[in-house]
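Here are the chains, one letter per residue:
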Amino acid sequence: VSGRVAIVGAGPGDPELLTLRAVRELERAELVLYDALVSPEVLALAPNAQRFSVGKRAFRPSMRQETIHALMIRAARRGKRVVRLKGGDPFVFGRGGEEVLALRAAGIPYEVVPGISSSVSAPALAGIPVTHRGLAAAFTVVSGHAEAAWRPVLAGIAPRGHTVVVLMGLAARGAIAAFLLERGFAPTTPTALLLAAGTPRAHTWIGPLEALAGFEVPVGLADAPGTIVVGDVVGLSPAALRREAAEGDGEAYAHAR
Ligand SMILES: C[S@@+](CC[C@H](N)C(=O)[O-])C[C@H]1O[C@@H](n2cnc3c(N)ncnc32)[C@H](O)[C@@H]1O
């Protein structure tokens, strides 16, 4: 086998936030299999490659994971340099682990190129330090996709001194907020919902935890990915500070960037 596969994290979407190694792999790639959340600007860095969307958000039903494995393996066996390009970091809720196991089982040489996960880039781009001395000694990243997965994790988190980051949690935001409030989180706990972070459509909502359920996704962002951050560190973001300044004016707890 002379081909190989690089499992590459594309970061938040802005090409400036790719790693140098990711750029080098894209420039050399002959085939790029990319996810729906990868931006056109990042794909443009692979001008010599055939590019295929294997993403989950296309109008077509998503490609089966096994089909993606088979495509990578077949192309590598034909001697191609393949890049499997994923949003954020490939190993953070990205099924990169399964792809690595499949490549290993097939004896295909591979490399993993980490990317900046939205679990840290979305807060950082909104000016939220997920740990901040005196406010949060740890942060937990959980998927909001299935209640059976997030419930036991969030049940173990004390209301203060910790930051909760939820990926894939837009649909469950009401249930997650209700659960945290039940567990003793203060209704005023600063909370952020960061939509399409790192893209030109980025939209930041900041408000108290008790208002998270009522947040309405702006028209035009209905399909945007969103990251939720709960904890006192959210209060350090410029949008939260503006909100504080505006409080008393009857200003809503919402700020678009
Ligand atoms: C299937 S997970 C993949 C996560 C990815 N591997 C990472 O490390 O960022 C997709 C989730 O990531 C989050 N996400 C991805 N891109 C985002 C963005 N631009 N802004 C905010 N959240 C984003 C959302 O919570 C979305 O539901």
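As shown above, the structure is provided for reference.
Residues numbered from 1 in each chain as written. Predicted model: local features only at pLDDT ≥ 70, side-chain atom pairs only at ≥ 80, totals over all residues. Heavy atoms only, no water.

## Some points on the sheet that holds strand β6 (residues 139–143)
Quick reminder of the rule: Here a strand pair is declared whenever DSSP counts at least two bridges between the two strands. Runs of H or I in DSSP of at least four residues are treated as helices and runs of E of at least two as strands, each being numbered from the N terminus. A fitted line through C-alpha atoms serves as each axis, taken over the contacting stretch for helices, and the angle formed by two N-to-C directions is quoted from 0 to 180°.
The 5 strands lie next to each other as β6-β7-β10-β8-β9, forming an open sheet whose pairing is mixed. The open sheet is flanked by β6 and β9 (203–208), the only strands paired with a single partner. Taken pair by pair, the neighbouring strands of this sheet meet at an average axis angle of 15°, ignoring direction. Examined bridge by bridge, strand β8 (residues 190–195) and β9 share 6 bridges and lie antiparallel to one another. Across the sheet, residue Leu193 finds its bridge partner in β9, namely Trp205.

## Structural notes on the pairing of β8
Stated formally: Think of it in three bands: residues with accessible area under 20% of the maximum for their type are buried, residues over 50% are exposed, and the middle band is partly exposed, with areas taken using a 1.4 Å probe on protein chains only.
Burial analysis of β8 places 6 of its 6 residues in the buried class, the great majority of the element. A two-sided burial pattern is seen for β8, the buried positions comprising Pro190, Ala192 and Leu194 on one face and Thr191, Leu193 and Leu195 on the other. Where β8 lies against strand β10 (residues 226–230), 5 bridges are found, and the strand directions are antiparallel. Bridge pairing in β10 links Thr191 to Val230.

## Topic: the site of the ligand
Where we set the bar: Whether a residue is near a molecule or strand is decided by its heavy atoms; if any one of them lies within 4 Å of it, the residue is near. In protein, a polar contact means a hydrogen-donor-capable atom and an acceptor-capable atom, both N or O and within 3.5 Å, with residues adjacent in sequence counting only if both atoms are side-chain atoms; elsewhere, any N or O pair within 3.5 Å suffices. For the area figures, the Shrake-Rupley method with a 1.4 Å probe applies, and any residue is considered shielded solely by the protein chains shown.
Near the ligand, the surroundings consist of 16 residues, among which Val92, Ser118, Met168, Gly226 and Thr227 are the closest. Take Val92: an N or O atom from its main chain is 2.7 Å from a nitrogen atom of the ligand. In this structure, Ala197 approaches the ligand through a main-chain N or O atom, which is 2.8 Å from a nitrogen atom. In the complex, 87% of the free accessible area of the ligand, which totals 570 Å², lies under the protein chains.

Structural measurements only, silent on function.
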